[in-house]
Amino acid sequence: MTFELFDRTFYIASDVLLAYVALIGTGLGVVYLVHRSNKWPVIKEYVTTTHHRKIGVLYLLSATLFFLRAGIEALIIRVQLAVPENDFWVFQGDKFNEAFTTHGTIMIFFVAMPLLIGLMNVAVPLQIGAQDMAFPYLNAISFWLFLAGAILVNMSFFMTASPNAGWTAYAPLSTAEFTPEAGNDYYIFGLQVSGMGTILAAINMIVTIVRHRAPGMKMTRMPLFAWSTLITAFLILIAFPVLTIALYILMFDRLFGTSFFSGEAGSPIYWQHLFWIFGHPEVYIIVIPAFGIFSDVISTFSRKRVFGYTSMVVAIVIIGLLGFMVWVHHMFTVGLGPVVNTVFAITTMLIAVPTGIKIFNWLFTMRKGVIRLDTPMLFAAGFIPTFVIGGVTGVMLAVAAADFQFHDTYFVVAHFHYTMVGGTVLGAFAGIYYWFPKMFGFKLKEKWGRAHFWLFLIGFHITFFPQHFAGLNGMPRRVYTYAAEDNVFTFNFISTIGAFMMGIGTLFFVWNIYRSFKDPDRCGDDPWDGRTLEWSVPSPSPEHPFDPMPQVTTIDPLWEAKRNRGGKLPIAKTSRSAPVDVESWQPVSFFGLILALSLSFIYHVTWLQILFGILVLAFFALRTLTDEHTRMKKEEEGHDHT
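Think of each chain on its own: its residues are numbered from 1, step by step along the sequence as written. Thresholds applied to this predicted model are a pLDDT of at least 70 for local features of residues and 80 or more for the giving and counting of side-chain atom pairs; totals over whole chains, interfaces and linings are not thresholded and use all residues. Side-chain metrics rest on all non-hydrogen atoms present in the structure, leaving aside hydrogens and water.

- The protein chain carries the name Cytochrome c oxidase subunit 1 in an unreviewed UniProt entry, which gives Pontibacillus chungwhensis as its organism.
- Word for word, the UniProt comment on the protein chain under Pathway (unreviewed entry) is "Energy metabolism; oxidative phosphorylation."
- If you open the UniProt record of the protein chain and go to Sequence similarities (unreviewed entry), you find "Belongs to the heme-copper respiratory oxidase family." UniProt positions are given in the numbering used here, feature names are shortened, and annotations may be inferred rather than shown by experiment.

1. Focus: the side chain of Thr 386
Thought 1: Helix and strand definitions here come from DSSP, where helices need a minimum of 4 consecutive H or I residues and strands a minimum of 2 consecutive E residues; each element is numbered from the N-terminal end. Structurally, the position occupied by Thr 386 is in helix H13 (residues 375-398).
Thought 2: The contact rule is simple, with two residues in contact once any of their heavy atoms fall within 4.5 Å. When neighbours within four sequence positions are excluded, Thr 386 is seen to be in contact with Tyr 418, Gly 422, Leu 426, Leu 457, Phe 460 and His 461.

2. Concerning helix H16 (residues 446-472)
Thought 1: For a helix, the expected span equals 1.5 Å multiplied by the number of residues minus one. Taking 1.5 Å per residue as the helical rise, H16 with its 27 residues ought to reach 39 Å, and the 40 Å between its terminal C-alpha atoms agrees with that figure.
Thought 2: At the C-terminal side of H16, Gly 474 shows a positive phi close to 100 degrees.

3. Quick word on the packing of helix H4 (residues 94-128) against helix H5 (residues 136-158)
Thought 1: All axes are obtained by fitting lines to C-alpha atoms, using only the stretch in contact for helices, and the reported angles, taken between N-to-C directions, cover 0 to 180 degrees. Running from N to C, H4 and H5 cross one another at 165 degrees; their axes reach a closest spacing of 10 Å. The orientation of H4 with respect to H5, classified from their angle, is roughly antiparallel. Of the two elements, H4 crosses H5, and the hand of that crossing is left-handed. Contact with H4, carried on its side by Lys 95, Thr 105, Ile 106, Phe 109, Phe 110, Pro 114 and Asn 121, involves Asn 139, Phe 146, Gly 149, Ala 150, Val 153, Asn 154 and Phe 157 of H5 and no other residues of that element.
Thought 2: Gly is put with the polar residues, along with every residue not named as nonpolar or charged; the nonpolar set is Ala, Val, Leu, Ile, Met, Phe, Trp, Tyr, Cys and Pro, and the charged set is Asp, Glu, Lys and Arg. The residue inventory of the contact of H4 with H5, partitioned by class, reads 8 nonpolar, 5 polar and 1 charged. Any angle from 65 to 115 degrees is called roughly perpendicular, while one under 35 is roughly parallel, one over 145 is roughly antiparallel, and all others are oblique. We call a crossing left-handed when the near helix sits turned anticlockwise from the far one by less than a right angle, and right-handed when that turn is clockwise.

4. What to know about empty space enclosed by the protein
Thought 1: Note on definitions: the grid is 1 Å and covers protein atoms alone; a cavity is a set of points where a 1.4 Å probe fits but cannot get out; a pocket is an open set with protein on both sides within 12 Å along at least five of seven lines; lining residues have an atom within 4 Å of a point. Grid points are joined across faces, edges and corners, and a volume is the space filled by probe spheres set on the points. Under the definition given, this model contains 8 cavities of 30 Å³ or more.
Thought 2: Roughly 140 Å³ of volume is contained in the largest cavity.
Thought 3: Considering only residue class, the lining of the largest cavity consists of 6 nonpolar, 4 polar and 4 charged.
Thought 4: In this model, the second largest cavity occupies a volume close to 80 Å³.
Thought 5: In terms of lining, the second largest cavity is formed by 13 residues, of which the most central are Gly 129, Ala 130, His 212, Met 549 and Arg 576.
Thought 6: Tallied by class, the residues present in the lining of the second largest cavity amount to 6 nonpolar, 5 polar and 2 charged.

5. Considerations on the packing of aromatic side chains
Thought 1: Pairs were defined over the aromatic rings of Phe, Tyr and Trp, the Trp ring being its six-membered one, requiring ring centres within 6.5 Å. Orientation was assigned from the angle between planes: stacked under 30 degrees, edge-to-face over 60, tilted for the rest. Overall, the coordinates contain 68 aromatic pairs when judged by the stated rule.
Thought 2: With 6.0 Å between their ring centres and 10 degrees between their planes, Phe 109 and Phe 278 make a pair best called stacked. Taken together, the residues Phe 109 in helix H4 and Phe 278 in helix H8 (residues 268-285) connect sequence positions 169 residues apart. Both residues of the pair, Phe 109 and Phe 278, belong to the buried class.
Thought 3: Whether a charge sits over a ring comes down to the Lys NZ or Arg CZ being within 6 Å of the ring centre and within 35 degrees of the ring normal. Lying across the ring of Trp 559, Arg 531 places its NZ or CZ 4.5 Å from the centre. A simple rule labels every residue: compare its accessible area, found with a 1.4 Å probe on the protein chains alone, to the largest value its type can have, and call it buried under 20%, exposed over 50%, or partly exposed in between.

6. Observations regarding the pattern of salt bridges
Working definition: two side chains of opposite charge can pair if their charged atoms are close together.
Thought 1: A side-chain nitrogen of Lys or Arg and a carboxyl oxygen of Asp or Glu constitute a salt bridge if their distance falls within 4 Å. In total, this model carries 16 salt bridges according to the counting rule given.
Thought 2: A salt bridge links Glu 73 to Arg 69, with the shortest nitrogen-to-oxygen separation between them at 2.9 Å. Here the residue Glu 73 and the residue Arg 69 both occupy positions in helix H3 (residues 52-80), the gap between them amounting to 4 residues, near one helical turn.
Thought 3: For Glu 560, the salt bridge is made with Arg 565, and the minimal N-O distance between the two is 3.2 Å.
Thought 4: Salt bridges here are not isolated pairs; linked through shared partners, they connect Arg 303, Asp 526, Asp 529 and Lys 562.

7. With respect to the nonpolar core
Thought 1: Formed by 168 residues in total, the largest nonpolar core has its most connected members in Phe 110, Met 222, Trp 271, Phe 294, Trp 362 and Trp 435.
Thought 2: Sorting elements by how many residues they give to this core places helix H7 (residues 224-255) first, with 19 residues.
Thought 3: Dropping the residues within four chain positions of it, Trp 362 is found in contact with Phe 291, Phe 294, Ser 295, Ile 298, Met 312, Phe 383 and Ile 384.
Thought 4: Listed in part, the 13 residues of the second largest apolar core include Leu 81, Phe 96, Tyr 482 and Val 488. Here the nonpolar core consists of buried residues drawn from Ala, Val, Leu, Ile, Met, Phe, Trp, Tyr and Cys, with membership extended through side-chain atoms lying within 4.5 Å.

8. What to know about the layout of surface pockets
Take a probe with the size of a water molecule and roll it over the atoms, and the empty space left behind shows itself.
Thought 1: Roughly 1100 Å³ of volume is contained in the second largest pocket.
Thought 2: Lining of the second largest pocket is provided by 48 residues; of these, His 280, His 329, His 330, Leu 397 and His 415 occupy positions nearest its centre.
Thought 3: Among the elements of the structure, H4, H8, helix H11 (338-350), helix H12 (352-366), H13 and helix H15 (410-440) are those that each provide at least two residues to the lining of the second largest pocket.
Thought 4: With 9 residues, H13 is the single largest residue contributor to the lining of the second largest pocket.
Thought 5: Taken together, the residues of the lining of the second largest pocket break down into 26 nonpolar, 18 polar and 4 charged.

9. Remarks on the UniProt feature "domain: Cytochrome oxidase subunit I profile" (unreviewed entry) in the protein chain
Thought 1: Residues annotated in UniProt with the feature "domain: Cytochrome oxidase subunit I profile" (unreviewed entry) correspond here to residues 34-553.
Thought 2: Secondary structure across residues 34-553 comprises 68% helix and 1% strand; the distance between its end C-alpha atoms is 46 Å.

10. Observations concerning the environment of Gln 272
Thought 1: For Gln 272, the location among the structural elements is in helix H8.
Thought 2: Considered as a pair, Gln 272 and Ala 171 are 101 residues apart in the sequence and their alpha carbons are 7.9 Å apart.
Thought 3: When residues no more than four places from it in sequence are discounted, the contact partners of Gln 272 are Tyr 170, Met 331 and Val 334.

Written out as structure tokens, the structure is:
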């Protein structure tokens, strides 16, 4: 729509205008509710925190909000494709390109990743007997870097400059020659900034797990979620720098006129190699933590130690290693030759072996177990057949000759969602229901949880199973319409119905959170009759929860203590000094600086680039001169003297 202001004519798309109205209205409503309930101290507590549980909650809250935004885009895509030759609102042509690009980008980087990193923050330190993350301040910086990147990508829509080259940003489409608008610059800086936060979070996880385990918590006694977190952190350390390099080079192509990915000297194939060397391990980065969650949930709700613990650890390690040896299966149709395609087809199929081991181990864990079908276990049980379907279609795609037929069709879309939603999202839901008591001291309500599960799972299969057949019938992905004679209408119409069921299921989840806070069911410290250390500390978990420090003697220390020691864990004679938690405005200030610096590059304002660059360097200098340990020691000495 167009409007007149100060004798000038302005244009704003109706979808952007509606989004502005919704955002401002929602923002004002939230401010009013926070003010009325006098929750400003709580807001300040979370904004300035460096405590692992609160950082975890911030990750989960952010991911949920972005999940709702990307979910709305998914519904818009499905409405546009519901019937042949549809013209829904403004979502045709480039608007459709923007919708599927931001949907994919947000879901991968700003929903799946923070959901899992949030759960790692909440649960892993408690599971291994650590008082906090090894570097609490760095943990806060990691979150605010992630949020700055996420806001950059999300705000592009409000600046009418959304990325539009797909979540893979394939060159040369993503170069300035074909997409000169600012949209793909938002993509580059958004992923670059959030990626820095993810790498720092991975370093923090590795140091925490290696250095801050409770006495007696050998690597061979760690819970499987902690193991999967450790493997994932190493995958991040190897894979994310490759994405950083790729984005850095693409930024030079777009901003400074180099030609790495186009022209006579460059090649767009370089981008594909770099992106998928990162991109395929990224699939495992966001699904391996879910494997750990399911392992712990299935063990707890079957009242049995997980079957084949050692083989589960070995399988996770092998999946992580093989994840770096399969990237070319995304490029079978590029023309790298039959020998290359055959090698990568075989390595891809090999991944089915350790994955199959894990599936059978979960089933054997449940066999003869005393199974309770509470909501976390429902999500775990729903995951197994769903992920198996995604795995089978993955093996089909690994056959290079067949992949030439499936490539870039809706068959790939269906496979991708069966693994990502079926694995990661169901895993995240299971983890949120499972560890919610450790975050807030009460459980989410079981009635609404069951409704959420059934609506979401049934809606998921109705949405994505027909897309296999749409793909086999030749429907290409990333098209905004099709003709009636293409014979894909029925599959698309059914998919749209399923998508709305998933949307309603998600609303049940949001409603469940609201009702649970409104009328909390206090549940004690160990509501699921748990087996691992996190269930031995108060709910919600306090700062420095292990006092005294337990001595770990087995894989399931709390379960062993319940059976043989009247629930009392043995006390360790020695323990490592705890990390120092502080309240600080510095991390959120850094968030503002890095956001402003990124925007100055996106809009090519040189003096702002220099200004905010200097301020960022000054921040590093300020931080270098800050030492919480020395300050706290002086405060303690002063207190003792008094």
